[in-house]
Amino acid sequence: MNRTVARVVRAALGGMLIATGIGLGAFNAWWFALVVGVPVIILGMSAVPRATRTSELPVFRRGGSAQAIGIDVEALTRSSLSAGDLQPTMLTATIHPPDDTAYRARWITSMSRGHAQSLIGGASNTLRRVDLPDRDAREIPEFDDQPGRRAVLYPAVTAIAAGLLLVGVPGSAWDIDLSLPSVAESVGIGDGPMTPTDLASRTRDVLTHIAGIGPTASDSILTISLDDDTSRAEVYDPTTGQAILLWKYGGRGWQDPQRTPTVKRRPDTFRADEIAGTDVTAMATTMQSRLGPAGEDLDLTDFTINRPVRGHPVALVGGFGDSGIPDIHIAGRPDGTVADFFDPGDFDTSFRLARAALAEANLAADRDNLRRFEIRGTAPNTPTMYAGRIQSSGGVLIEYTEPGRSGTVTVVPGEFPEVAEYPGTSQGSFSFDDVSPEVFEAVREEAMARGGVDAFDREAVDIQMTSIFQTDGRPVIQVELARESASAGTYSVDGEFVEAGH
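Residues numbered from 1 in each chain as written. Predicted model: local features only at pLDDT ≥ 70, side-chain atom pairs only at ≥ 80, totals over all residues. Heavy atoms only, no water.

1. Some remarks on the sheet that holds strand 16 (residues 461–466)
In space, the eight strands of this open sheet follow the order 15-14-13-12-16-17-18-19, with antiparallel pairing throughout. This sheet does not close on itself; its edge strands, each paired only once, are strand 15 (418–421) and strand 19 (497–500). In this sheet, adjacent strand axes meet at a mean angle of 15° when their direction is disregarded. As paired strands, strand 12 (residues 370–376) and strand 16 are joined by five bridges and run antiparallel to one another. Residue pairing in the sheet places isoleucine 375 in a bridge with isoleucine 463 of strand 16. Its contacts with the sheet put helix 9 (residues 347–360) on strand 12, strand 13 (395–402), strand 14 (405–411) and strand 16, and the angle it makes with strand 12 is roughly 140°. Contacting strand 12, strand 16, strand 17 (476–481), strand 18 (484–491) and strand 19, helix 10 (residues 437–451) crosses the sheet at an angle of about 140° to strand 18. (Pairing = 2+ DSSP bridges. Helix = DSSP H or I, 4+ residues; strand = E, 2+ residues; numbered from the N terminus. Axes fitted to C-alpha atoms, helices over the stretch in contact; angles between N-to-C directions. Contact = heavy atoms within 4.5 Å.)

2. Quick notes on the confidence of the model for the protein
Of the residues in the protein, 92% have a pLDDT of 70 or more, and the chain-wide mean is 86. Throughout residues 178–191 the model reports pLDDT below 50, and contacts reaching past four residues in sequence, or to other chains, amount to 21 contacts. (pLDDT = per-residue confidence, 0-100.)

3. Some remarks on unusual backbone geometry
Of note in this structure, alanine 482 is not a glycine but carries a positive phi near 50°. Among the secondary structure elements, alanine 482 is positioned in the loop between strand 17 and strand 18. For alanine 482, a relative accessible area of 16% gives the class buried. One non-glycine residue, arginine 483, adopts positive backbone phi at about 55°. With respect to the secondary-structure elements, arginine 483 resides in the loop between strand 17 and strand 18. (Buried < 20%, exposed > 50% of the residue type's maximum accessible area, 1.4 Å probe, protein only.)

This is the structure:
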């Protein structure tokens, strides 16, 4: 590639990088402009070629091959404006092309100090054929001819490339939607936490915008999500099977809709009228009250509306946390019902909610239809005896089996009870009435004493009554607390210690 062409390409690429940095900085938060936009602009400026006294001059190189052309140097004038190794140098020489008439030429080249000293010491030298000066040159070169027009060529190319990119790309393309507002607020940047009173107006604003994109959009909503600075929605397009993304960040207004592939279909959608009568402000207030005294220091960080499971009611989920980071999520339903948020380590509450969930699943509490009943706490140091639905969230898990149906019932803090069924049946080993919070409490106390577990870790408990993996098929109680292996033990259904470990 010609040297000038290569530098023009560099100038164009530099202009595109500068335009990218400007676009990202202009259409995103100021901190994003500082962290991303400014470095991209600096990178673009560093890529633009700079026209100097030697940048546009060919570098003097001797011919080292059999095809090299002989020259006899008659005069050498070297610039003395700087002490650099490469300096503009004027050569006057006679060129001796093979099988052709010799000719005299004068030209300026960028010559190293070593080559200059070599030519002064010996006039005969060689040049590569590509470096030969023009035989028919009429103008006598001068040192002040450089860099000449090149001084404006590269900046002009850079400016044109940057201008075309900025004018040709719409503003919405520069708006990066990566949940960056939440990141900003996690380091103390933002306009303040969202409050329950914001929800009603912001939800109406989203629904109004959805209605404006098409006559069927309000009947095909996939999700609505709100956080401190951003309102988002996904709408299913039944004609293409794509999702239409809508979002509004801060005070910038709604951006141009974007389409994206999705695996979701019409059964995953909900209609606007399904939540039209929901008092989301009252719901968010109720959610926060369910957190008890601990919730007083937490802020509402996000609010999401979707249909999480086909055939199930629409869920409205509020996230609560500190510094913009949600730690707790509580679900609600369009009729205003809010899920219970509880500490699984409170056995009385866990048993009460488990009994209600069994009744809702049409499972009798006095029938031998259980194979496993587990309660796992939510403390960070709670052990995990077996992988399953509550291994990360904590809560209550019931594994049932009876003629014609088998599955699990889970009750997770902040969520509504969930029933999952799977093929196959087996023989149940015990009934829910065979388990009691009093026996679980007695087992916990004995395990704490045996393992030396502190009283403040009593809620970091994983305890279950199970017949799974028992050779005789009889149920036992297994327990472990605070990831203290010395507390792990197996007990009889009456709470008598059987052996260490589980």
